[in-house]
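Breakdown of the fold
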Amino acid sequence: TPHRWVSNHIAVAWHPEANDVWASWQHDEARAAEATALAACNAVMRAGCTIASSGYNSSIAVAQNPDGFLYVAWGENKAKAKDNVLTQCVRPNCKIKHLFSVEAEWLPVDQFM
């Protein structure tokens, strides 16, 4: 059976009055990942959610400082996403809260026909 590489998309949504994020991953299109993350956020927060970060075949890290402020950063892999978010969140005791990661998949072509 012929195969092909399929990209996986990821999106993270957040709201200015929330201290957490909503994420969606393993989508074959960016629009689907973003729409799903926004819908999950808006279902809880009612309105005002935005996409904090999105990408494909990569990682997104979310860090939180002791005051509850969130930082989000993208990276080619988990380690780079962590490094990038901790570079932004420079206060002492800033901690990784979430780490989302997706990779391309080698799937049979007949799954897309």
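Summarised in this report is the structure supplied together with it. (Residues numbered from 1 in each chain as written. Predicted model: local features only at pLDDT ≥ 70, side-chain atom pairs only at ≥ 80, totals over all residues. Heavy atoms only, no water.)

1. Looking at the packing of aromatic side chains
Applying the stated criterion across every chain yields a total of 3 aromatic pairs. Note on Trp-25 and Phe-100: the rings are 5.4 Å apart at their centroids and 35° apart in plane angle, and the pair reads as tilted. Residue Trp-25 is found in strand E3 (residues 21–27), and its partner Phe-100 is found in strand E7 (residues 95–101); the two are separated by 75 residues along the sequence. We classify Trp-25 as partly exposed; its relative accessible area is 42%. Seen in terms of ring centroids, Phe-69 and Tyr-71 are 5.0 Å apart; in terms of plane orientation they differ by 75°. Their pairing is edge-to-face. (Phe/Tyr/Trp six-rings, centres within 6.5 Å; stacked < 30°, edge-to-face > 60°. Helix = DSSP H or I, 4+ residues; strand = E, 2+ residues; numbered from the N terminus. Buried < 20%, exposed > 50% of the residue type's maximum accessible area, 1.4 Å probe, protein only.)

2. Observations concerning the sheet that holds E3
Spatial ordering of the open sheet is given by E3-E2-E4, a layout of 3 strands whose pairing is antiparallel. Each edge of the sheet is formed by a strand with only one pairing partner; in this case those strands are E3 and strand E4 (50–56). Averaged over all pairs of adjacent strands, the angle between their axes in this sheet comes to 15°, without regard to strand direction. As defined by bridge partners, strand E2 (residues 9–14) adjoins E3 across 5 bridges and the pair is classed as antiparallel. When the bridges of E3 are listed, Val-12 appears paired with Ala-23. Along the sheet, helix H1 (residues 30–45) contacts E2, E3 and E4; its crossing angle with E3, the most-contacted strand, is approximately 150°. (Pairing = 2+ DSSP bridges. Axes fitted to C-alpha atoms, helices over the stretch in contact; angles between N-to-C directions. Contact = heavy atoms within 4.5 Å.)

3. Thoughts on the sheet that holds E7
Taking strand neighbours across the sheet as the criterion, the 3 strands line up as E6-E5-E7 in an open arrangement whose pairing is antiparallel. Here the strands that pair on one side only, and so sit at the sheet edges, are strand E6 (70–75) and E7. Mean inter-strand twist for the sheet, computed between neighbouring axes without regard to direction, equals 20°. Relative to the sheet, helix H2 (residues 78–88) contacts strand E5 (59–64), E6 and E7, its axis offset from that of E6 by approximately 145°.

4. Observations regarding the nonpolar core
The biggest cluster of nonpolar side chains holds 9 residues, and these are Ile-10, Val-12, Val-21, Ile-60, Val-62, Leu-70, Val-72, Phe-100 and Val-102. Excluding its chain neighbours within four sequence positions, the residues that come into contact with Val-12 are Val-21, Trp-22, Ala-23, Thr-50, Ile-51, Ala-52, Ser-53, Ile-60, Val-62 and Phe-100. Core analysis: the next-biggest nonpolar cluster, separate from the first, contains 8 residues, Ala-81, Val-85, Cys-89 and Cys-94 among them. (Core = buried A, V, L, I, M, F, W, Y, C linked by side-chain atoms within 4.5 Å.)

5. A short note on the pairing of E6
Of all the 6 residues making up E6, 5 are buried; the element is thus mostly covered by neighbouring parts of the structure. Of the pairings in the sheet, the one linking E5 to E6 comprises 6 bridges and is antiparallel in character. Its bridge partner being in E6, Ile-60 is matched across the sheet by Trp-74. Linking E5 to E6, which pair antiparallel, is a turn of 5 residues; within it Gly-68 sits at a positive phi near 95°.

6. Some points on the side chain of His-27
In this structure, His-27 sits in strand E3. Setting aside residues no more than four positions away along its own chain, His-27 makes contact with Ser-7, Asn-8, His-9, Ala-32, Ala-33 and Thr-36.

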